[in-house]
Amino acid sequence: MSDNFAQLVKQQADIVRIIGDYLKLRKSGAQNYTGLCPFHKEKTGSFSVNATHGYFYCFGCHEKGDVFTFVMKMENISFPEALRVVATKCGIPLPKREFSSPEEAHEAGLRRQLIDIHEAATQYFEAALKGPEAARAREYLTGRGVTPETIAKFRIGYAPDDFNHMREQLAKHFPDEVLRASGLFSSKEQADGGQGQLYARFRKRITFPIANEQGKTIAFTARALDAQDEKGRDIAKYLNSPETTLYSKGQILFNLDKAKADIRTLGFALLVEGQMDCISVYMAGIKNVIATSGTAFTEMQVRLLSRFAKRVIVNFDPDTAGVAATEKSIALLTEEDFEVKIVTLEGGLDPDRFLREQGVQSYMAALRNAKRHSDFLIDHAREQFPGRTADAKVKALNFLLPHIRRMPNRIQRDEFAADAAQKLGIDSAILRQELKQAAAQRVESVRAHNHDPASETERVLLRALVMPEHDPARALAADQLSQHPEWYDSLPAAALLEALSHAPAPSNPLDAAPDQHSHVLLARALQHADEPASSSNTQSMTEQVENALHTLAHRQLERRQRELRTLIAEADRRGDQEMLRKLTAEKLQVDRKLREH
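Residues numbered from 1 in each chain as written. Predicted model: local features only at pLDDT ≥ 70, side-chain atom pairs only at ≥ 80, totals over all residues. Heavy atoms only, no water.

Asks: Would you explain unusual backbone geometry in this entry?
Replies: The phi torsion of most residues other than glycine is negative, and most of the peptide bonds are trans. Despite not being glycine, histidine 62 shows a phi value in the positive range, around 70°. The residue histidine 62 is located in the loop between β4 (55-58) and β5 (64-65) in this model. Even without being glycine, arginine 155 reaches a positive phi, approximately 55°. Checked against the element boundaries, arginine 155 lands in the loop between α7 (148-154) and β6 (157-159). (Helix = DSSP H or I, 4+ residues; strand = E, 2+ residues; numbered from the N terminus.)

In structure tokens, the structure reads:
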């Protein structure tokens, strides 16, 4: 498009009306309008628009420009795209495009007709929803709490149970090539390899249009009203348009056209799984909601979303597939430096059902209490790999390691690693070293320490715990370890110490070992039970246990001291004074205990 056309659009564009589509303006003089600046946070409007000269200026952040600059900044688009947007808003026809080849011209013409046929199909489905055949569809929507206003807003429709009617109606306006390329119809392959007559892809289904960022319908999702067909065969609940020239499901975010202004204003997006969840959340007044369209989150969708916000709350279904999709979404988003939080609704409900059963206030509370993605992943690692064995901890760590390494910000990586170390019961210094080595070697996992030897401290306690029930050394060890599991939960013998201290002394000690690794540790400890050691040949077994327990307690205080230093530094970085006071007070107590130990 030429410079002359840009000047024409600029002269005819009403900058006040264009900017007024994005934010609220009030008149503040003969030709000036003011409002809250969309480019920085403020409570008093310092954003000014001059109608006569066609420019805007913010006295707060000093952003300035003309109508094209404003649209480019708001939409994160190029100048030619902004020119098209402003021209379209003003009703100015775009100049005819010159094509480099007949093929390019043909493809551009096909795309225009595909947009038109999808608009025609949307109107066809909308009209069908009002007809007598769609009574069950209307009943279903009413039962789901979908109002007439929502039906109109999302242009929900109904595909009649007819193979030919829609084709016959659209064939009056579109050639066969467009019908076949639209994805709205199917056909059976003929014996000669050709394609047979077209028939409607969507039948006896409620239709939900999928729009592009400009609000143009480019595809459909359709929900079946029946679970089985007339022959008793299962029917897919949802049927989606195939990939077409217009539609690639991995590049579209459902409802982005309606949600983008609210996403930008609120500074974050709510990402859900599926159109009905998205519509229900939007109906409840939460307008910054978007959804994936029958696929996991993709890199293209992440880049699309990054134009509007860098914070996301993910609320996918809590089933296995939903958790897997959540993990993949976290990976993609954190790589692009998004701030990610996760919502898991009580009772394993999806957003649509949760809103219907518990209401919008409960849902808003769940959003406010969303977990940091690191906390979600650590909790999930602990659920997948429970127990205090070294093997379980290595597996949990290897699950988390790719997520930790994926974070671009070093401070956030360190915080994630410190949290993981604390919750998994791993010495944070050891964890940091493992992470450093893994990062240097560009590996995605750490080695399993299947043969980590138990220390002499652990061997003393293991030997005591397999002694008869009435033995004072065993009673002392079992009592103290039961009360203080944090003393030993990062040790190679943790699983053994836990099992032996919480159960009566076994007649065969090896029966208490929960796994092969524990068998080896216990066998080695008992193998050397009768060998005199220079440090213990003059001590009774009870005295040896006292010393071992003292060592464990001292090491735990040292670990907590290191963790507190990391947490205090992080709280100070965030400016969280309340947390800083609590952590500092705890560190003073730990320091005092270490001096007394």
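Asks: It is not clear to me how the packing of aromatic side chains should be interpreted in this structure. Could you clarify?
Replies: One pass over the full model with this rule turns up 16 aromatic pairs. With 6.1 Å between their ring centres and 50° between their planes, phenylalanine 47 and phenylalanine 70 make a pair best called tilted. Taken as a pair, phenylalanine 47 in strand β3 (residues 47-50) and phenylalanine 70 in helix α3 (residues 67-75) lie far apart in primary sequence, 23 residues in all. Grouping residues by exposure puts phenylalanine 47 and phenylalanine 70 together as buried. The residue whose ring lies beneath arginine 223 is tyrosine 238, and the NZ or CZ to ring-centre distance is 5.9 Å. Just above the ring of tyrosine 282 sits the side chain of lysine 287; from NZ or CZ to the centre is 4.2 Å. (Phe/Tyr/Trp six-rings, centres within 6.5 Å; stacked < 30°, edge-to-face > 60°. Buried < 20%, exposed > 50% of the residue type's maximum accessible area, 1.4 Å probe, protein only. Lys NZ or Arg CZ within 6 Å of the ring centre and 35° of its normal.)

Asks: Even after reading the chapter, I still don't get the sheet that holds strand β1 (residues 26-27), so can you show me in this structure?
Replies: Two pairing modes exist for strands in a sheet, parallel and antiparallel, and in both the strands are linked by backbone hydrogen bonds. With respect to topology, 5 strands assemble into an open sheet ordered β1-β2-β3-β4-β5, the strand pairing being antiparallel. Looking along the sheet, the strands with just one partner apiece sit at the ends: β1 and β5. Bridging between β3 and β4 involves 4 bridges; their strand directions are antiparallel. Residue pairing in the sheet places valine 49 in a bridge with phenylalanine 56 of β4. (Pairing = 2+ DSSP bridges.)

Asks: Honestly, α3 in this entry has me stumped. Any pointers?
Replies: Within an α-helix, residues lying three or four positions from one another point in the same direction, as the helix has 3.6 residues per turn. Among the residues of α3, Val67, Phe68, Phe70, Val71, Met74 and Glu75 are the ones counted as buried. Buried residues of α3 fall within an arc of 160° about the axis and therefore sit on the same side. The N-capping residue of α3, defined by a side-chain oxygen 3.1 Å from the backbone nitrogen of phenylalanine 68, is aspartate 66. The first or second residue beyond α3 is asparagine 76, which carries a positive phi of 55°. (Arc of directions from axis to C-beta. Polar contact = N/O pair within 3.5 Å; in protein donor to acceptor, adjacent residues only side chain to side chain.)

Asks: Looking at this structure, how should I read the environment of aspartate 375?
Replies: Here aspartate 375 is to be found in helix α15 (residues 373-384). For aspartate 375 and alanine 420, which are 45 residues apart along the polypeptide, the C-alpha to C-alpha distance reads 8.4 Å.

Asks: Would you take a moment to explain the packing of α15 against helix α16 (residues 390-406) for this structure?
Replies: The angle between the axes and the distance between the axes are what describe a pair of packed helices. Between α15 and α16, the least distance of the axes is 9 Å, while the angle of their chain directions is 155°. Looking at the two axes, α15 sits roughly antiparallel to α16. In terms of crossing hand, the pair formed by α15 and α16 is right-handed. Every residue of α16 that contacts α15 at Leu377, Ile378, His380, Ala381 and Gln384 is listed here: Ala396, Phe399, Leu400 and His403. Broken down by class, the residue content of the contact of α15 with α16 amounts to 6 nonpolar, 3 polar and no charged. (Axes fitted to C-alpha atoms, helices over the stretch in contact; angles between N-to-C directions. Parallel < 35°, antiparallel > 145°, perpendicular 65-115°, else oblique. Left-handed = near helix turned anticlockwise from the far one by under 90°. Contact = heavy atoms within 4.5 Å. Nonpolar A, V, L, I, M, F, W, Y, C, P; charged D, E, K, R; others polar.)

Asks: Help me understand a negative patch on the surface, please; the structure alone is not making it clear to me.
Replies: A grouping of Glu133, Asp161, Asp162 and Glu230 is seen on the molecular surface, where their side chains present a negatively charged patch. Tracing the sequence through the fold places glutamate 230 in the loop between β10 (217-224) and β11 (238-240). (Patch = residues over 30% accessible without salt bridge, like charges linked within 9 Å, V, L, I, M, F, W, Y side chains within 5 Å. Areas by Shrake-Rupley, 256 points an atom, 1.4 Å probe, with all protein chains shown as cover. Salt bridge = Lys/Arg side-chain N within 4 Å of Asp/Glu carboxyl O. Lys, Arg positive; Asp, Glu negative; His and termini not counted. Charge placed at Lys NZ, Arg CZ, Asp CG, Glu CD.)

Asks: Where do I start with helix α17 (residues 410-424) in this structure?
Replies: Taking 1.5 Å as the rise per residue, α17 with 15 residues should run 21 Å; its terminal C-alpha atoms sit 21 Å apart, in good agreement. The complete set of buried residues in α17 reads Glu415, Phe416, Ala417, Ala418, Asp419, Ala420, Ala421 and Leu424. The positive-phi residue at the C-terminal boundary of α17 is glycine 425, with phi of around 75°. (Expected span 1.5 Å × (residues − 1).)

Asks: Explain the packing of helix α11 (residues 275-283) against helix α14 (residues 351-368) to me, please; I cannot follow it from the model alone.
Replies: Between α11 and α14, the shortest axis-to-axis distance is 10 Å and the interhelical angle comes to 25°. Classified by the angle between their axes, α11 and α14 sit roughly parallel to one another. α11 and α14 meet at a crossing whose hand is right-handed. Taking contact as the criterion, the partners of Met276, Asp277, Ser280 and Val281 in α11 are, on α14, Pro351, Asp352, Leu355 and Tyr363. Of the residues in the contact of α11 with α14, the class split is 5 nonpolar, 1 polar and 2 charged.

Asks: Help me understand the side chain of aspartate 277 in this model?
Replies: If you trace the backbone, aspartate 277 turns up in helix α11. No salt bridge is formed by the buried aspartate 277, whose closest oppositely charged neighbour, arginine 144, lies at an N-O distance of 5.9 Å. Excluding anything up to four places from it in sequence, aspartate 277 contacts Val272, Asp317, Asp350, Pro351 and Asp352.

Asks: What's the story with the nonpolar core in this structure? I'm lost.
Replies: It is characteristic of soluble globular proteins that their nonpolar side chains tend to be buried jointly. Of all hydrophobic cores here, the largest spans 59 residues; its most connected members are Leu184, Leu270 and Tyr363. No other element matches the 8 residues that helix α5 (residues 102-129) contributes to this core. What leucine 184 contacts, discounting residues up to four positions off in sequence, is Ile117, His118, Ala121, Met166, Leu170, Ala200, Arg201, Phe202 and Phe220. (Core = buried A, V, L, I, M, F, W, Y, C linked by side-chain atoms within 4.5 Å.)

Asks: Before we go on, may I ask you to explain the sheet that holds strand β15 (residues 339-342) in this structure?
Replies: If you trace the 5 strands from one edge of the open sheet to the other, you get β13-β12-β14-β15-β16, paired in mixed fashion. Whereas interior strands pair on both sides, the edge strands pair on one side only; in this sheet they are β13 (289-292) and β16 (371-372). In this structure, strand β12 (residues 269-273) lies alongside β13, joined through 4 bridges in parallel fashion. In the sheet register, leucine 271 faces β13, and the bridge partner there is isoleucine 290.

Asks: What's the story with the environment of alanine 417 in this structure? I'm lost.
Replies: Relative to the elements of secondary structure, alanine 417 occurs in helix α17. Counting along the chain gives 13 residues from alanine 417 to isoleucine 404, while the straight-line C-alpha distance between them is 7.0 Å.

Asks: Mind showing me how you'd approach the side chain of arginine 264 here?
Replies: Tracing the backbone through its elements, the reader meets arginine 264 in helix α10 (residues 256-266). No salt bridge is formed by the buried arginine 264. Its closest oppositely charged neighbour is glutamate 75, at 4.3 Å. In contact with arginine 264, other than residues within four places in its own chain, are Met74, Glu75 and Phe308.

Asks: It is not clear to me how the pattern of salt bridges should be interpreted in this structure. Could you clarify?
Replies: Opposite charge on two side chains allows them to pair when their charged atoms are near. Here the structure, examined in full by the defined rule, presents 29 salt bridges. A salt bridge links arginine 136 to aspartate 226, with the shortest nitrogen-to-oxygen separation between them at 2.9 Å. Pair noted here: arginine 136 is in helix α6 (residues 135-143) and aspartate 226 is in the loop between β10 and β11, with a separation of 90 residues, a long-range link. Classification of arginine 136 by relative accessible area gives partly exposed; the value is 41%.

Asks: Even after reading the chapter, I still don't get the environment of leucine 500, so can you show me in this structure?
Replies: Mapped onto the elements of the fold, leucine 500 is located in helix α21 (residues 494-501). Considering only alpha carbons, one finds leucine 500 and alanine 477, 23 residues apart in sequence, at a separation of 9.8 Å.

Asks: Quick question: what am I supposed to make of the pairing of β3 here?
Replies: Side chains on a regular strand alternate between the two faces of the sheet. The alternating pattern of β3 places Phe47 and Val49 on one face and Ser48 and Asn50 on the opposite face, and all of these are buried. In the sheet, strand β2 (residues 32-35) pairs with β3 via 4 bridges, with the strands oriented antiparallel. In the sheet register, threonine 34 faces β3, and the bridge partner there is serine 48. Hairpin geometry of β3 and β4 is characterised by an intervening segment of 4 residues between the two adjacent antiparallel strands and by a positive phi of about 70° at glycine 54.

Read these as geometric descriptors, not functional statements.
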